[in-house]
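Below are the chains, spelled out letter by letter.
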Amino acid sequence: MIRVVLADDQPLIRAGFRVLLEMAGDISVVGEAGDGGGAVELCRALRPDVALLDVRMPLLDGIQATRRIGADPGLDGVRVVILTNYALDEYVFAALRAGASGFLLKDIEPADLLQSVRVAALGEALLSPSVTRRLIEEYVSTPPRPVPGPGLERLTDREREVLALIATGMSNEEIALHLTISQATAKTHVSRIMGKLGARDRAQLVVHAYESGLVVPGSR
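Rules used throughout
Residues numbered from 1 in each chain as written. Predicted model: local features only at pLDDT ≥ 70, side-chain atom pairs only at ≥ 80, totals over all residues. Heavy atoms only, no water. Pairing = 2+ DSSP bridges. Helix = DSSP H or I, 4+ residues; strand = E, 2+ residues; numbered from the N terminus. Axes fitted to C-alpha atoms, helices over the stretch in contact; angles between N-to-C directions. Contact = heavy atoms within 4.5 Å. UniProt positions renumbered as here; feature names shortened; annotations may be inferred. Buried < 20%, exposed > 50% of the residue type's maximum accessible area, 1.4 Å probe, protein only.

Colleague: I tried to follow the sheet that holds strand β3 (residues 50-54) on my own but got confused; where do I start?
Modeller: Strand pairing in a sheet relies on backbone hydrogen bonds, with the paired strands running either antiparallel or parallel. Spatially, β2-β1-β3-β4-β5 is the arrangement adopted by the 5 strands of the open sheet, whose pairing is parallel. With partners counted over all chains shown, the strands left at the sheet margins are β2 (27-33) and β5 (102-105), one partner each. Mean inter-strand twist for the sheet, computed between neighbouring axes without regard to direction, equals 25 degrees. Of the strand pairs in this sheet, β3 and strand β4 (residues 79-84) are connected by 5 bridges, and their pairing is parallel. Each bridged residue has a counterpart across the sheet, and for Ala-51 the counterpart in β4 is Val-80. Sheet strands touched by helix α1 (residues 11-22): β1 (2-7), β2, β3 and β4. Its angle to β2, the strand with the most contacts, is close to 165 degrees.

Below, the structure written as structure tokens:
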């Protein structure tokens, strides 16, 4: 059973998401909050698998809540997914920087919502290749001067190559095809990169690749 904490300042939206999630049979909404502070407290008390947080909430918004969850060692297993109204909401990249595993549009189809929660619970990033490219180009086209991130120097040449491909939104299967290696080998490379960089998931790897200067926005 996948345990979910849901946070949105609009009770009607929370109720709708709860009904959809609990109809799945393998997902349970274990707690609800109307603001980010309440969401953080629920995560600390309940240790859910996934926290669905609205990006804009009173008192403490979704980005600040994500940052607090990501900074708490006791919540390392909680995957944060941001809920937003727009595909390129101005806060989305800030949320990824704060540690979110991805984001979902509030008008998402029910079946896609359920699948997305399952994907997030497995530790995968909710960023399709097209969304990744649009997001990076829109919000990192004028980034601050790149500073090599901690751990980047510990990557092998092959691991840097794999990280660059992850930053374009490639899946393990696509990386394997591109580098002419097995999917198992590609998965091993991704796991080792995450370990060396201290990344929680692929979304953080994307952010790390661009902010370190390994990949230049707009490049292919």
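Colleague: I tried to follow the environment of Asp-54 on my own but got confused; where do I start?
Modeller: If you trace the backbone, Asp-54 turns up in strand β3. Separated by 31 residues in the primary sequence, Asp-54 and Asn-85 place their C-alpha atoms 9.2 Å from one another. Among all residues touching Asp-54, those that are not within four sequence positions of it are Ala-7, Asp-8, Asp-9, Gly-62, Leu-83 and Lys-106.

Colleague: Help me out: how do you make sense of the UniProt feature "modified residue: 4-aspartylphosphate" (unreviewed entry) in the protein in this one?
Modeller: UniProt's feature table lists "modified residue: 4-aspartylphosphate" (unreviewed entry) at Asp-54, given in the numbering used throughout. Residue classification places Asp-54 among the buried positions, given a relative accessible area of 5%.

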